[in-house]
Protein chains: 2
Amino acid sequence: MPQFMDVHTSMKGVTAEQLHAAHQADLAIQGEESVDFKQAWADPTTGHVFCLSEAPSAEAVQRIHQRAGHPFDEVHEITVTA
Amino acid sequence: MPQFMDVHTSMKGVTAEQLHAAHQADLAIQGEESVDFKQAWADPTTGHVFCLSEAPSAEAVQRIHQRAGHPFDEVHEITVTA
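Rules behind the numbers
Residues numbered from 1 in each chain as written. Chains lettered and ligands numbered in written order. Predicted model: local features only at pLDDT ≥ 70, side-chain atom pairs only at ≥ 80, totals over all residues. Heavy atoms only, no water. Salt bridge = Lys/Arg side-chain N within 4 Å of Asp/Glu carboxyl O. Helix = DSSP H or I, 4+ residues; strand = E, 2+ residues; numbered from the N terminus. Buried < 20%, exposed > 50% of the residue type's maximum accessible area, 1.4 Å probe, protein only. Contact = heavy atoms within 4.5 Å. Pairing = 2+ DSSP bridges. Axes fitted to C-alpha atoms, helices over the stretch in contact; angles between N-to-C directions. Phe/Tyr/Trp six-rings, centres within 6.5 Å; stacked < 30°, edge-to-face > 60°. Buried area = accessible area lost by both parts, 1.4 Å probe. Polar contact = N/O pair within 3.5 Å; in protein donor to acceptor, adjacent residues only side chain to side chain. Nonpolar A, V, L, I, M, F, W, Y, C, P; charged D, E, K, R; others polar.

**What about the pattern of salt bridges?**
Residue and element names in this part refer to chain A. Taken as a whole and judged by the stated rule, the model has six salt bridges over all chains. Its salt-bridge partner being Arg-67, residue Glu-32 comes within 2.9 Å of it at the nearest N-O pair. Taken together, the residues span a long stretch of sequence, with Glu-32 in the loop between helix H1 (16–29) and strand S2 (36–43) and Arg-67 in helix H2 (residues 58–67) at a distance of 35 residues. Owing to a relative accessible area of 48%, Arg-67 belongs among the partly exposed residues under this scheme. Note that Asp-36 and Lys-38 form a salt bridge whose closest N and O atoms lie 3.0 Å from each other.

In structure tokens form, the structure reads like this:
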């Protein structure tokens, strides 16, 4: 299954509670698109959030994020790791 | 220990071998700055590489990356995860 890192850039001030709620909203519906969100890392100071997932396509990741209320600003298909 | 996600944006075409070599170059000297690189995720198509680390500061991460020959383009202190 392809792996993706998507990036949100407008989440300045995001709290642990808000990130947890956003992540839970993704998890609740991700199965409908065969997406599997692995983890989310946030920098509330710059407003950046990085989400790692496995999914059939970048579009599937975006559809879940969009329906959950937080579309990404960019996405990268991860094909090499170290 | 603070956690950081740094981003390289000019690594188009990076191969598994090249990313592995770059990561090993970091690991070889990271102890000198008390940095602990956890993982690197690359998208050779867009040239983006995301590196997760624990370190005393963003500057320590940059010094290791710089000495290893691949300074980052941006860095984010991760204070919230989900």
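Next comes the rest of the write-up.
**Some remarks on the side chain of Glu-33 of chain B**
With respect to the secondary-structure elements, Glu-33 of chain B resides in the loop between helix H1 (16–29) and strand S2 (36–43). Those residues in contact with Glu-33 of chain B that sit more than four places away from it in its chain are Pro-56, Ala-60, Arg-63 and Ile-64 of chain B.

**Observations concerning the sheet that holds strand S4 (residues 74–78) of chain A**
If you trace the five strands from one edge of the open sheet to the other, you get S4(A)-S1(A)-S3(A)-S2(A)-S5(B), paired in antiparallel fashion. Looking at strand neighbours, the two that pair on one side only are S4 of chain A together with strand S5 (80–81) of chain B, the edges of this open sheet. Pairing of strand S1 (residues 3–8) of chain A with strand S3 (residues 48–54) of chain A, which is carried by six bridges, proceeds in the antiparallel orientation. The residue of S3 of chain A that forms the bridge with Val-7 of chain A is Phe-50 of chain A. Along the sheet, H1 of chain A contacts S2 and S3 of chain A together with S5 of chain B; its crossing angle with S2 of chain A, the most-contacted strand, is approximately 160°.

**Structural notes on the packing of aromatic side chains**
Ring pairs (aromatic) are described by centroid distance and by the angle formed between their planes. This model, assessed by the stated rule, comprises two aromatic pairs over all chains. Judged by centre distance (5.4 Å) and plane angle (50°), the rings of Trp-41 of chain A and Trp-41 of chain B are tilted. With Trp-41 of chain A in strand S2 and Trp-41 of chain B in strand S2, this residue pair bridges two chains. In this structure Trp-41 of chain A comes out as buried when scored by relative accessible area, which is 2%. Judged by centre distance (5.9 Å) and plane angle (65°), the rings of Phe-50 of chain A and Phe-50 of chain B are edge-to-face. On the criterion of chain membership, the pair formed by Phe-50 of chain A in strand S3 and Phe-50 of chain B in strand S3 (residues 48–54) is interchain, its members lying in two chains. The exposure class of Phe-50 of chain A is buried, given its relative accessible area of 1%.

**Some points on the sheet that holds strand S5 (residues 80–81) of chain A**
With antiparallel pairing, five strands are arranged side by side in an open sheet as S5(A)-S2(B)-S3(B)-S1(B)-S4(B). Two strands in the sheet have a free side with no partner beyond their single neighbour: S5 of chain A together with strand S4 (74–78) of chain B. Here seven bridges tie S2 of chain B to S3 of chain B, and the two strands are oriented antiparallel to one another. Across the sheet, Ala-40 of chain B pairs through a bridge with Cys-51 of chain B, a residue of S3 of chain B. Packed onto the sheet, helix H2 (residues 58–67) of chain B meets strand S1 (3–8), S2, S3 and S4 of chain B and runs at close to 45° relative to S1 of chain B.

**Digging into the interface of chain A and chain B**
If you look at the interface, chain A gives 27 residues, while chain B gives 27 residues. Between chain A and chain B, the buried area comes to about 2100 Å², and carbon and sulfur atoms account for 68% of it. Of all residues in chain A, the largest losses of buried area upon contact with chain B belong to Trp-41, Val-80 and Ala-82 of chain A, amounting jointly to 33% of the total for that side. Counting every contact that joins chain A to chain B gives twelve residue pairs in polar contact (both at pLDDT 80 or more). Mapped onto the side of chain A that touches chain B, the elements with two or more residues apiece are S1, H1, S2, S3, S4 and S5 of chain A. No other element matches S2 of chain A, which puts five residues into the side of chain A that touches chain B. Classifying every residue of the side of chain A that touches chain B by side-chain character gives 14 nonpolar, ten polar and three charged. Bridge analysis of S5 of chain A against S2 of chain B gives two bridges, and the strand direction is antiparallel. Of the residues in S2 of chain B, the one forming a bridge with Val-80 of chain A is Ala-42 of chain B.

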